[in-house]
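Now for the letters of each chain:
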Amino acid sequence: MASLGLGGLNVSARRKSVPARNAAVERRNLITVCRFSVKTLIDRSCFETIDDTSPEFNNFAAILEQILSHRLKGQITWFGYESPRSFWDYIRVACRKVSHNCICSIENMENVGSSRAKGRAWIRVALMEKHLSEYISTALRDFKTTRRFYEDGAIVLGEEANMLAGMLLGLNAIDFSFCLKGEGLDGSFPAVIDYTPYLKFTQSSDSISSDEEELRTLGSSGSEGSTPENIGPPFITDENSWYNKCKRVEQKYRLALEQKGYLEELVRLRENQLSESVSQNKLLLQRIEDMDLAHKMEKEQLEYIIVELQDQLTGEPESLIS
């Protein structure tokens, strides 16, 4: 009986762990694919302008939309029913603190009616303004609003959210060009992610060497009359091996280049923040000095008034005696 009880506990524990594991895998997949899509956008921007016709952008927009819609709470109606919500309902509340934000202009767009279409228009405008990372960072810092709109286990409530804002910072180096009246703003269809550009098999160096050894073994096990001229696979595998090595070096170079651009953009952002902080500190110091001067003047005036009052009080008894 005891063993059965323990077995039941193990089964229930496994059942509870399956949803948690699935949620973690879903979050990790979306963040990983988002990182790939950002790198693809940066690579493509080196050769052509990114606009609504770019499949790389359409995929990135679909990924970001699914991230911001992950475990988004529904809206409770007066009758107690839960109606679906769009991530725009969260963005327009959480991003109002962004200076010179585009929230009001998107709300007043005539050709954009549904909430989902407004969210898609906001993604495009934020990219053209080079403020998408700032919007996301500001929204995530408003944890109270984020908690109100999302359920437990959402990406924006987890550790992955800290990676998202930094990941989007590299897009500030791209000049986007979008038409805000195109088909991309149609909110009648859901966003679909195309995973095929990111499904690439890379053969490891160990696997390549084992393949070469196997080909050599197969070549040596042939007829005794086989000459070196008849053995072609080793030369092909050597070429493939060098080609794969060159591809890996190229990938490392591109990764280092992207990281360099990201770090440069991050340094520029921190320098701007530092200069703003220095200017604010100067203003605060000037205000403090002005307040100190005003307090000194008020103190001197009060001391002068007190002296006059004392003189008046000491002069009144003499007049009474006379």
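Analysis parameters
Residues numbered from 1 in each chain as written. Predicted model: local features only at pLDDT ≥ 70, side-chain atom pairs only at ≥ 80, totals over all residues. Heavy atoms only, no water. UniProt positions renumbered as here; feature names shortened; annotations may be inferred. Helix = DSSP H or I, 4+ residues; strand = E, 2+ residues; numbered from the N terminus. Contact = heavy atoms within 4.5 Å. Areas by Shrake-Rupley, 256 points an atom, 1.4 Å probe, with all protein chains shown as cover. Salt bridge = Lys/Arg side-chain N within 4 Å of Asp/Glu carboxyl O. Buried < 20%, exposed > 50% of the residue type's maximum accessible area, 1.4 Å probe, protein only.

Per an unreviewed UniProt entry, the protein goes by RUN domain-containing protein 3B and derives from Calidris pygmaea. What UniProt states about the protein under its Sequence similarities (unreviewed entry) heading is, verbatim, "Belongs to the RUNDC3 family."

Asks: Go over the overall build of the protein with me, naming the residues and quoting the values.
Replies: Across its full length, the protein holds ten helices and two strands. Ordered by position in the sequence, the α and β elements of the protein form the string α-α-β-β-α-α-α-α-α-α-α-α. If you take every contact in the protein between residues at least 6 apart in sequence, the share linking residues at least 24 apart comes to 74%. Accessible surface for the protein amounts to roughly 21900 Å². Of this, 57% is attributable to carbon and sulfur atoms.

Asks: How would you explain the pattern of salt bridges if you had to name every residue and give the values?
Replies: Inspection of every chain in the model, using the stated rule, returns 14 salt bridges. Between Arg44 and Glu56 there is a salt bridge; the shortest N-O distance is 3.2 Å. In this pair, Arg44 sits in helix H1 (residues 2–45) while Glu56 sits in helix H2 (residues 55–68), placing the two residues twelve residues apart along the sequence. Arg124 is the partner of Asp52 in a salt bridge, and the nearest nitrogen-oxygen pair spans 2.9 Å. Of this pair, Asp52 sits in the loop between H1 and H2 while Arg124 sits in helix H5 (residues 115–129), and the two are 72 residues apart along the sequence. The exposure class of Arg124 is buried, given its relative accessible area of 4%.

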